[in-house]
2 protein chains.
Amino acid sequence: MSGAHRSHCPINMWLEIFGDRWSLLILRSMIFGNRRHFREMLKSRERIAPTILAARLRMLVDEGIITRADDPNHKQKAIYSLTEKGITLVPILASISAWSRAHLPVSEELSMGDQELEGDDPGRWEDLMAELRETHLGIPRDRSENGGPSTTVTSPLAAAGEAGPAHRRGQ
Amino acid sequence: MSGAHRSHCPINMWLEIFGDRWSLLILRSMIFGNRRHFREMLKSRERIAPTILAARLRMLVDEGIITRADDPNHKQKAIYSLTEKGITLVPILASISAWSRAHLPVSEELSMGDQELEGDDPGRWEDLMAELRETHLGIPRDRSENGGPSTTVTSPLAAAGEAGPAHRRGQ
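Since the structure is predicted, the reported quantities are computational estimates derived from the model, not experimental observations. (Residues numbered from 1 in each chain as written. Chains lettered and ligands numbered in written order. Predicted model: local features only at pLDDT ≥ 70, side-chain atom pairs only at ≥ 80, totals over all residues.)

### So, the packing of helix H2 (residues 23-33) of chain A against helix H1 (residues 10-18) of chain B
- Two elements in contact, H2 of chain A and H1 of chain B, have axes whose closest approach is 10 Å; the angle formed by their N-to-C orientations is 170 degrees. If you check the angle between H2 of chain A and H1 of chain B, you find them roughly antiparallel. Together, Leu-24, Leu-25 and Arg-28 of chain A of H2 of chain A and Ile-11, Asn-12 and Leu-15 of chain B of H1 of chain B make up the contact between the two elements.
- Tallied by class, the residues present in the contact of H2 of chain A with H1 of chain B amount to 4 nonpolar, 1 polar and 1 charged. (Axes fitted to C-alpha atoms, helices over the stretch in contact; angles between N-to-C directions. Helix = DSSP H or I, 4+ residues; strand = E, 2+ residues; numbered from the N terminus. Parallel < 35°, antiparallel > 145°, perpendicular 65-115°, else oblique. Contact = placed C-beta atoms within 7 Å. Nonpolar A, V, L, I, M, F, W, Y, C, P; charged D, E, K, R; others polar.)

### Overview of the interface of chain A and chain B
- The partner chain B presents 41 residues to the 41 residues of chain A that form the contact.
- Mapped onto the side of chain A that touches chain B, the elements with two or more residues apiece are helix H1 (10-18), H2 and helix H6 (90-103) of chain A.
- A per-element tally of the side of chain A that touches chain B places H6 of chain A first, with 11 residues.
- The residue inventory of the side of chain A that touches chain B, partitioned by class, reads 20 nonpolar, 11 polar and 10 charged.

### What about the relation of the copies chain A and chain B?
- Superposing chain A onto chain B requires a rotation of 180 degrees together with a translation of 0.0 Å along the rotation axis, leaving an RMSD of 0.0 Å. Viewed as a symmetry operation, the transformation between the two copies matches a two-fold axis. Closest approach to the rotation axis within chain A is made by the C-alpha atom of Asp-20 of chain A, at a distance of 2.3 Å.
- With an isologous cut-off of 70% or more, the 100% of interface residues of chain A that recur at the interface of chain B puts this contact in the isologous class. (Least-squares fit on C-alpha atoms with pLDDT ≥ 70 in both.)

### Here's the deal with the environment of Ala-130 of chain B
- Here Ala-130 of chain B is to be found in helix H7 (residues 122-137).
- Ala-130 of chain B sits in the buried class, given 21 other C-beta atoms within 10 Å. (Buried ≥ 20, exposed ≤ 12 C-beta atoms within 10 Å, placed from the backbone.)

### Some remarks on unusual backbone geometry
All names here are of chain A.
- The backbone phi angle of Asn-34 is positive, close to 55 degrees, even though this residue is not glycine.
- Along the chain, the position of Asn-34 falls in the loop between H2 and helix H3 (38-42).
- On the basis of neighbour counts, which here come to 23 C-beta atoms within 10 Å, the residue Asn-34 falls in the buried class.

### Things to note about the confidence of the model for chain A
Residues and elements named next belong to chain A.
- Per-residue pLDDT for chain A has a mean of 81; in total, 74% of the residues score no lower than 70.
- Low pLDDT, under 50, characterises residues 147-171; the stretch is placed with 56 contacts to residues that sit more than four places away or in other chains.
- Here the predicted complex scores 0.81 on pTM and 0.80 on ipTM. (pLDDT = per-residue confidence, 0-100.)

Now the structure itself:
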């Protein structure tokens with residue numbers, strides 16, 4: 001987002017980052033599918049091309065939406081993490097998902113989890129965001145207020161057979 | 001959106017319509033700026049090219065997000081209206097706007113109005129949607145519940161000197 005902006009309207013500036021067909025899909029995979037590695041992200045149903053994935057990941061790092069680091073568990077691999085800026089995209093993805101299920105022929109299988117995030121209950125979004133802050137930023141979740149792990153938000157992609165944060169925790 | 005989809009994931013299907021740099025800007029102009037004619041939309045700060053605008057409007061009509069009709073007040077002109085499907089994009093635009101103002105160097109001048117739509121109060125979104133249903137779909141608003149015109153949502157672009165629904169009503 002360096003250089004000139006078309007305008008400083010909030011909608012426009014968001015589109016200057018996310019106004020393409022892939023960037024939000026990558027974030028969807030990280031937020032709902034707990035995909036943190038390049039090869040995992042390549043396996044998306046939408047078949048993103050490696051060159052596009054690499055370019056979009058670089059852009060998202062440059063924008064401060066995600067960070068890239070060496071994975072301590074895999075010396076050859078980089079691991080991507082959401083930043084706070086990236087985690088706070090959750091309400092947008094939840095609104096998009098709600099709209100699509102109301103108006104488009106979406107797959108129920110692929111939308112089982114984010115269904116729970118919908119509606120007028122930002123508490124569910126907060127819950128997922130707290131989970132992501134713990135997984136991606138190492139910020140321990142305060143379980144005293146909301147009754148502990150039982151309130152974990154089910155990962156949508158987990159319902160479709162893919163690993164999500166809810167899957168990995170406590171196992 | 002005819003033909004094959006990359007997947008039936010709700011986020012992906014939304015991106016197949018709105019995953020570009022212009023479509024949401026056109027809807028922003030219609031929703032917040034009450035721009036209904038081609039020439040008005042051309043005057044956006046972001047300087048959309050006429051060919052792109054024409055193509056995007058056609059796509060949005062095809063997708064059932066907007067409709068196109070002869071303007072009874074201008075024989076040479078077509079007027080575009082939001083459908084219910086288009087009006088229900090309001091919560092998404094409000095979430096995007098909230099995120100941008102939190103994280104990007106947006107113009108306060110250009111975001112004065114949608115600021116009011118933000119936060120955890122879907123009542124404000126409902127209010128704007130009721131206003132749009134009246135203006136675009138001719139569905140009279142039920143004023144008995146919410147106290148009448150004083151609850152009209154201020155148009156963001158109106159604050160920046162452009163006509164909005166709030167401007168036109170009752171004048």
